[in-house]
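# Geometric and topological summary
If you want the building blocks of each chain, they are given just below.
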Amino acid sequence: MTFTETELKGVWIIDPVRHGDSRGYFCETFRQNEFEEHVGKVDFVQENESFSSRGVLRGLHYQRGEYAQAKLVRVSEGRILDVVVDLRRGSATFGRHLAIELDSDSGRQLFVPRGFAHGFVVLSEFAEFCYKCTDFYHPGDEGGIVYNDPAIGIEWPIPEGMELIMVERDQNWGSLEALSR
């Protein structure tokens, strides 16, 4: 695997090395010792999977306080635009975001440390999204930032005429400014 730290300190792009032959390919998607050598010590306690169709936008979500989660995310089928937003107060990149395509063809992964909001939109007909978390989900400690907050300026690649499919709460989260207060 190759590990590349992004301009948002602590956010890593991880590209697997695929070994292919006439049967298909094999690759490691996680190797603890190699991960710790590049990213640091992380203990994953839960793994989740979601299935969504084209136009589904999930996010931007985060867990608060002691239940903040780091995540290792990947797409096992399909293609998405994955977005993270730095919510770490005092960070030089507070409020900045990173948007990166993840797809099953490349197997590329993204490590999202604690202190970031996370979301994605499905670009293919459907997508299976998998992620490991460093803490268990606590519904009472979930928060969010509205996906289209102009202060963040995410350019979601939504073709003209295509409607986003979102749950109501994702449409009604507060702004980054409201979180900053």
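Anyway, here's the lowdown on the structure attached to this text. Computed from a predicted model, the values in this text were never measured in an experiment.

## Quick notes on the pairing of strand β12 (residues 126–133)
- A large share of β12 lies buried, amounting to six of its eight residues.
- When strand β7 (residues 71–77) meets β12, the two strands line up antiparallel, connected through six bridges. Across the sheet, residue V75 finds its bridge partner in β12, namely F129.

## Some remarks on the sheet that holds strand β1 (residues 2–5)
- The strand order across the open sheet built from six strands is β1-β2-β10-β7-β12-β5, with neighbouring strands paired in antiparallel fashion. A strand with exactly one partner marks an edge of an open sheet, and here the two such strands are β1 and β5 (46–53). Within the sheet, the average angular offset between the axes of one strand and its neighbour, ignoring direction, is 25°.
- Examined bridge by bridge, strand β2 (residues 12–15) and strand β10 (residues 109–112) share three bridges and lie antiparallel to one another. Within β10, the residue paired with I13 across the bridge is L110.

About the criteria used
Every chain's residues receive numbers from 1 upward, in the order its sequence appears when written. Given that the model is predicted, a residue must reach a pLDDT of at least 70 before its local features are reported, and side-chain atom pairs must reach 80 or more before they are shown or counted; all residues, however, enter totals for whole chains, interfaces and linings. Only heavy atoms go into the side-chain values, all of them from the structure, while hydrogens and water stay out. Exposure classes here rest on a 1.4 Å probe applied to the protein chains alone. A residue is buried below 20% of its type maximum, exposed above 50%, and partly exposed in between. Where helices and strands are cited, they refer to DSSP runs of H or I of at least four residues and of E of at least two residues respectively, numbered from the N terminus. Here a strand pair is declared whenever DSSP counts at least two bridges between the two strands. Between N-to-C directions, angles span 0 to 180 degrees; the directions come from axes that are lines fitted to C-alpha atoms, helices contributing only their stretch in contact.

By themselves, these observations are geometric and do not establish any function.
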